[in-house]
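# Observations on chain architecture
Next come the chains, spelled out residue by residue.
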Amino acid sequence: MSAMKNKSNCLLSEDQFLCSICLDVFTDPVTIPCGHNFCKSCITEHWRVNVPYQCPLCKEVFKQTPQLKINTLLSEMVAQFKMKTQYEPKNKNTELKTQAEIQQMIQERQLRIQEIQHSVDLSKKAADRERAEGVEVFTALMESVQRSLNQFIEEIQEKQRTTEKQAEDFIKELEQEISELKNRTTKVEQLSGSEDHLHFVQRFTSVNAAPSMKTWTKVSVHPPSYDGTVVRAVSQLEDKLREEKKKVFKADLKRVQQYEVDVTLDPDTAYPYLIMSSDKKQAYDGDVRQNLPDNPERFAICRNILGKQSFLSGRFYFEVHVKGKSKWDLGVARESINRKGIIPLCPQNGHWIIGLRNGNEYCAFADPPVLLPLKSGPQKVGVFVDYEEGLVSFYDVDSSALIYSFSGCCFNDKLLPFFSPCGNDGGKNSHPLIITPVRL
């Protein structure tokens, strides 16, 4: 039995008796669900500081704190290892720590390689999917343009065929009348040579009768008018392209709606005049200042409020009902924005916002601001953010139309949803901003 234990010890490398967190020999070693071992106190402290519950080595995430049980077999082996090494030079532990550190660095880099390769695979799949959708859309557009061109050419050719047919009919009729007139002239000439005066008089009376013929002085062939033909064809093409564009926007909106997040309002950030619903989904200006503490998070001058949820990566989307309002602001902002003073809303100051003024003036608060020529005001606005791509897009949900996009943004801070129902304006702007669930 002793020989077997010695053989087992020989098969294990010395760094396997070290905890990868403290880099020292295990104390009360425990095994977590993914199979890795740590000192009980080390992993407990690690999870107290770092949330969610994640393995420091393989990065597997657990939904709740795993139950920790002492690994008795490993405890016995560690005890034997300590007995074996207590007489070795003190620098042996230092050497083992170095080896453990190197091993951990290798494992971390191997995991990082896997993560990068996985990201590349996801990117390739996304690129292939986007390419296929783009080819389908542009193929449909090119086919639509070709059909419009063919219809335009056919219309021109049909007009020309009609003109040519009319001319041919006129010419045919004229030639027939000319033939009849020549035939009459021949008969008159034949009668003029007759010596029988009675016969001449009888025949001349019938020949002299004027044939029934068209009066050609008012007949002509008018070349067809092609005025406006190209303009009408282009206008029809624009209508078709507008329909295709609407289909593309609708598909794009459905795609970003898949990144819906549940956003609620943060009462600690609300301007004191704002009233919130109990579910923290609605906000409006109550025209009366509430007695609220002036905490650092709260807006002190502007009628703003932020979302409770913050985002430091990935994609997210939410929708806000704005119907009935004559003034509002909506978008996302950095967590670090100035909340106590009046500063311009713009990306340079940490805001990616669009808004409404005077009931029908829509604007993107860029630098300088961009007026948005919307044909009709949106009743519900969708906000989509791609953190890594540096993109913030706004959609008219009901018409599936893209309102505006901030692109090429540089995000280096947490982003939070931003809302401003603006002033009550004597009851003219009393409707609330409402965060609504996505309905596909």
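Computed from a predicted structure; not experimentally measured. (Residues numbered from 1 in each chain as written. Predicted model: local features only at pLDDT ≥ 70, side-chain atom pairs only at ≥ 80, totals over all residues. Heavy atoms only, no water.)

With that settled, the discussion passes to the overall build of the chain. For the chain, the count of helices and strands is six helices and 17 strands. Against the 2.2 N^0.38 benchmark of 22 Å for 440 residues, the chain shows a C-alpha radius of gyration of 43 Å, more extended than a compact globule. Residues counted as buried form 31% of the 440 residues belonging to the chain. Sequence-distant contacts in the chain: of pairs separated by 6 or more residues, those separated by 24 or more amount to 65%. When the accessible surface of the chain is totalled, it reaches about 27800 Å², and 54% of it is carbon and sulfur. Seen as two clouds, the 57 positive and the 58 negative side-chain charges of the chain have centres 5 Å apart. (Helix = DSSP H or I, 4+ residues; strand = E, 2+ residues; numbered from the N terminus. Rg over C-alpha atoms; globule rule 2.2 N^0.38 Å. Buried < 20%, exposed > 50% of the residue type's maximum accessible area, 1.4 Å probe, protein only. Contact = heavy atoms within 4.5 Å. Areas by Shrake-Rupley, 256 points an atom, 1.4 Å probe, with all protein chains shown as cover. Lys, Arg positive; Asp, Glu negative; His and termini not counted. Charge placed at Lys NZ, Arg CZ, Asp CG, Glu CD.)

For the rest of this paragraph, the subject is helix α2 (residues 40–49). Cys-42, Ile-43 and Trp-47 are the residues of α2 that are buried. Taken down its axis, α2 places every buried residue within 125° of arc, on the same side. Opposite its buried face, α2 presents the exposed residues Ser-41, Arg-48 and Val-49, each directed more than 90 degrees away. (Arc of directions from axis to C-beta.)

This part is about the domain arrangement of the chain. Taken domain by domain, the chain consists of domain 1 (14–86) and domain 2 (267–436). Centre-to-centre separation of domain 1 and domain 2, based on C-alpha positions: 47 Å. (Domains from an automatic or database assignment.)

Next up on the list: the sheet that holds strand β6 (residues 282–285). Sheet architecture is open: seven strands sit in the order β5-β6-β17-β8-β13-β14-β15, paired in antiparallel fashion. Each end of this open sheet is capped by a strand with a single partner; those strands are β5 (274–276) and β15 (401–406). On average, adjacent strands in this sheet sit at an angle of 25° to one another, irrespective of strand direction. In terms of strand pairing, β5 meets β6 through three bridges, oriented antiparallel. Opposite Ile-275, over in β6, you have Tyr-284 as the bridge partner. Together, β8 (315–321), β13 (380–386), β14 (391–396) and β15 form the strand contacts of helix α6 (residues 229–257), whose direction differs from that of β8 by roughly 110°. (Pairing = 2+ DSSP bridges. Axes fitted to C-alpha atoms, helices over the stretch in contact; angles between N-to-C directions.)

This brings us to the environment of Tyr-259. Take Tyr-259: it is sitting in the loop between α6 and β5. Exposure remark for Tyr-259: the relative accessible area of 32% places this residue in the partly exposed category. As for Tyr-259 and Phe-316, which are separated by 57 residues in sequence, their C-alpha atoms are 4.9 Å apart.

Before going further, it helps to spend a moment on the pattern of salt bridges. One pass over the full model with this rule turns up 17 salt bridges. With its nearest N and O atoms 3.0 Å apart, the salt bridge here joins Asp-252 to Arg-255. Of this pair, Asp-252 and Arg-255 both sit in helix α6, three residues apart, which is roughly one turn of the helix. The class for Arg-255 is partly exposed, based on a relative accessible area of 26%. Each member of the salt-bridge network shares a partner with another, and the members are Lys-124, Asp-128 and Arg-131. (Salt bridge = Lys/Arg side-chain N within 4 Å of Asp/Glu carboxyl O.)

For the structure on display, the rule yields 14 aromatic pairs. With a centroid separation of 6.3 Å and 75° between ring planes, the pair formed by Trp-47 and Phe-62 is classed as edge-to-face. Linking Trp-47 in helix α2 with Phe-62 in strand β4 (residues 61–62), this pair joins segments that are 15 residues apart in sequence. You'll find Trp-47 and Phe-62 in the same group, each marked buried. Summarising the aromatic geometry, the rings of Phe-299 and Phe-418 are spaced 6.3 Å apart at their centres and angled 90° between planes, so their arrangement reads as edge-to-face. With a gap of 119 residues between them, Phe-299 in the loop between β6 and β7 (305–306) and Phe-418 in strand β16 (residues 415–420) connect regions that are remote in the sequence. A single burial state applies to Phe-299 and to Phe-418, both of which are buried. Sitting over the ring of Tyr-273, Arg-303 keeps its end group 5.2 Å from the ring centre. (Phe/Tyr/Trp six-rings, centres within 6.5 Å; stacked < 30°, edge-to-face > 60°. Lys NZ or Arg CZ within 6 Å of the ring centre and 35° of its normal.)

Next up on the list: α6. An ideal rise of 1.5 Å per residue puts 42 Å on 29 residues; α6 measures up with 42 Å between its terminal C-alpha atoms. Regarding α6, the residues found buried are Thr-229, Ala-233, Leu-237, Glu-244, Asp-252, Leu-253, Val-256 and Gln-257. (Expected span 1.5 Å × (residues − 1).)

In this model, Asp-367 is joined to Pro-368 through a cis peptide bond whose omega is 5°. Secondary-structure assignment places Pro-368 in the loop between β11 (361–364) and β12 (370–372). A positive phi angle, near 70°, is found at Asp-287, a position not held by glycine. Positive phi, normally seen in glycine, also occurs at Asp-425, with a value near 55°. Residue placement: Asp-425 occurs in the loop between β16 and β17 (433–436).

Let us look at the pairing of strand β10 (residues 351–357). Within β10, six of the seven residues are buried, which leaves the element mostly enclosed by the surrounding structure. Two strands pair when backbone bridges link them, and strand β9 (residues 328–334) and β10 are joined in this way by six bridges, in the antiparallel orientation. In the sheet register, Trp-328 faces β10, and the bridge partner there is Leu-356. Taken together, β10 and the strand that follows it, β11, pair antiparallel across an intervening segment of three residues, in which Asn-358 is found at a positive phi of about 55°.

Read across the sheet, six strands follow the order β7-β16-β9-β10-β11-β12 without closing on themselves; strand pairing throughout is antiparallel. A single partner strand is all that each edge strand has here, and the edge strands are β7 and β12. Of the strand pairs in this sheet, β9 and β16 are connected by six bridges, and their pairing is antiparallel. Bridging from a neighbouring strand, Gly-331 pairs with Phe-418 of β16.

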